[in-house]
Amino acid sequence: VCYDPFASMLIGGCLESGRDMFQGGAALGAHWSFYAYGLGTAADAMTAVKRAVYDEKRVTLTALAGVLARNFEGDAPLRAALEGAPHYGNDEDEVDKIAQRILSAFDDHVLSLNSPAEKDKYVSTLFGYFFHVYHGEITGATPNGRLKGEPFSDSMGPSQGQDVSGPTAMLNSVLKLDHGGVTGGYALNLKINPSLVRGEAGRAALTTLLGAYLEGGGPQVQVNFADAETLRAAKREPRKYRNVIVRIGGYCEYFVNLDESLQDEIITRTIHGLA
């Protein structure tokens, strides 16, 4: 049921065959993406299970499943303990290694779906537009303390507000991942307080930070410079802030055009300084 006539005009084989790229017209076949997002949520959740269930014997796996089914109702102390586990995005090996295991399992499975005999190919893609919000809305609580209905972490980034050790630590966590198995695209969002890059020293620091990330093998990063208070004001008075643009998950959009749940998710993402 998929058609893209504009793109098909620009892809070899489609005009010659008179068929859309999604209908077998492309000379090299189509690439179908499996969109992955929520890596931070998954890594944080599995690290919390490791700590609470296996290391500290605080709760059994069966009991934890019941707690999640109740959306942590009546279990505030346990939820606080789970939230206290290490979080991906802070340059901590314990959780970063779990993030890598999750990513590798995903990459390996997507790659295994491909057959030399098939023209079309499947690729692993580490971004999901707005799907981390939509699918969070229909998913129950998770062991990292995330409540039912709350967003997953966006794209390949950390859980919202949990990368508290600064931008260098966040990027170091990403650099520990094995990016060689990813065959599609990436999206890593980095929010920087705009006041810190108005001067020459701040701009130089950001340039150095991004340069070190790319030289270390970082696959992609996109920087956003809207502060949280401006975004809250844009929610209250959208007519006054029509020109505020934000990065979502691989693309830009005017903030006032987004639905409220996606606006709230963007506001909760960590805003880093450069100190």
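Please read all numbers here as calculations on a predicted model, not as lab measurements.

**Q** Residue-level account of the nonpolar core, with values.
**A** The biggest cluster of nonpolar side chains holds 24 residues, and the ones touching the most others in it are Tyr88, Leu126, Met156, Val174, Leu177, Leu188 and Leu190. Elements that contribute at least two residues to this core include exactly α3 (39-55), α6 (93-112), α8 (167-175), β3 (189-192) and α9 (200-215). Of the residues forming this core, the biggest block, four residues, is contributed by α9. Dropping the residues within four chain positions of it, Val174 is found in contact with Tyr88, Met156, His179, Leu188 and Tyr213.

**Q** A description of the packing of aromatic side chains should follow, citing residues and the corresponding values.
**A** Per the stated rule, a full pass over the model turns up six aromatic pairs. Taking the centre distance of 6.3 Å and the plane angle of 70 degrees together, the rings of Tyr35 and Phe131 count as edge-to-face. Remark: Phe131 occurs in helix α7 (residues 131-137) and Tyr35 occurs in strand β1 (residues 31-35); sequence separation between them is 96 residues. With relative accessibility at 34%, the residue Tyr35 sits in the partly exposed group. By relative accessible area, Phe131 is classed as partly exposed at 25%. Between Phe130 and Phe131, the ring centres sit 5.0 Å apart and the planes meet at 65 degrees, which makes this aromatic pair edge-to-face. Each member of the aromatic cluster is reached from another via a ring pair, and the members are Tyr35, Tyr37, Phe127, Phe130 and Phe131.

**Q** Requested: an account of the pattern of salt bridges, with residues and values cited.
**A** The final tally for this structure, using the stated rule, is 17 salt bridges. Close ionic contact of Asp154 with Arg269 constitutes a salt bridge, the shortest N to O distance being 3.6 Å. Here the residue Asp154 occupies a position in the loop between α7 and α8, and Arg269 occupies one in the loop between α11 (260-268) and β7 (271-272), the gap between them amounting to 115 residues. According to the relative accessible area criterion, Asp154 is buried, its value standing at 4%.

**Q** A description of the environment of Val223 should follow, citing residues and the corresponding values.
**A** Considering the arrangement of structural elements, one finds Val223 in strand β4 (residues 222-224). Setting aside residues up to four positions removed in sequence, Val223 forms contacts with Leu190, Ile192, Leu210 and Arg247.

**Q** Give a description of the environment of Val49 that names residues and reports values.
**A** Mapping Val49 onto the fold places it in helix α3. Spatially, the C-alpha atom of Val49 lies 38 Å from that of Asp120, the residues being 71 residues apart in sequence.

**Q** Any chance you could break down the side chain of Gln263 for me, citing the residues and the numbers?
**A** Structurally, Gln263 is set in helix α11. For Gln263, the residues in contact, after removing those within four places along its chain, are Lys235, Phe255, Val256 and Leu258.

**Q** How would you summarise the sheet that holds β3 if you had to cite specific residues and measurements?
**A** Pairing is parallel in the open sheet, where three strands are placed in the order β4-β3-β7. Both outer strands of the open sheet, β4 and β7, are each paired with one neighbouring strand and no more. Direction of pairing for β3 relative to β4: parallel, over a ladder of three bridges. Residue Asn189 lies in a different strand from β4, and its bridge partner there is Gln222.

**Q** Tell me about a nonpolar patch on the surface, and please be specific about residues and values.
**A** A cluster of nonpolar side chains, contributed by Phe6, Met9, Leu10, Ile11 and Leu15, occupies part of the molecular surface with about 560 Å² of accessible area. If you trace the backbone, Met9 turns up in helix α1 (residues 5-9). Residue classification places Met9 among the partly exposed residues on the basis of a relative accessible area of 49%.

**Q** Describe the pairing of β3, listing the residues and the values that go with them.
**A** In β3, alternate side chains face the same way, and those of Asn189 and Lys191 on one face and Leu190 and Ile192 on the other are all buried. Taken together, β3, α9 and β4 form a β-α-β motif whose crossover is right-handed. Relative to β7, β3 runs parallel, the two being bridged by two bridges. In the strand pairing of β7, Ile192 is matched with His272.

**Q** Could you give an account of helix α4 (residues 61-69), naming the residues involved and the relevant values?
**A** All buried positions along α4 are accounted for by Leu64, Val67 and Leu68. The buried residues of α4 occupy an angular sector of 95 degrees when projected down its axis, which confines them to one face. Those residues of α4 that are exposed and angled more than 90 degrees off the buried face are Thr62 and Ala69. For α4, the elements touching its buried residues are α3 and α5 (76-83). Just beyond α4, the residue with positive phi is Asn71, at close to 55 degrees.

**Q** How would you summarise the environment of Arg232 if you had to cite specific residues and measurements?
**A** Secondary-structure assignment places Arg232 in helix α10 (residues 228-236). The spacing of Arg232 and Asp178 is 54 residues in sequence and 36 Å in space, taken between C-alpha atoms.

Rules used throughout
Residues numbered from 1 in each chain as written. Predicted model: local features only at pLDDT ≥ 70, side-chain atom pairs only at ≥ 80, totals over all residues. Heavy atoms only, no water. Core = buried A, V, L, I, M, F, W, Y, C linked by side-chain atoms within 4.5 Å. Buried < 20%, exposed > 50% of the residue type's maximum accessible area, 1.4 Å probe, protein only. Helix = DSSP H or I, 4+ residues; strand = E, 2+ residues; numbered from the N terminus. Contact = heavy atoms within 4.5 Å. Phe/Tyr/Trp six-rings, centres within 6.5 Å; stacked < 30°, edge-to-face > 60°. Salt bridge = Lys/Arg side-chain N within 4 Å of Asp/Glu carboxyl O. Pairing = 2+ DSSP bridges. Patch = residues over 30% accessible without salt bridge, like charges linked within 9 Å, V, L, I, M, F, W, Y side chains within 5 Å. Areas by Shrake-Rupley, 256 points an atom, 1.4 Å probe, with all protein chains shown as cover. Right-handed = clockwise from strand over helix to strand, strands pointing away. Arc of directions from axis to C-beta.

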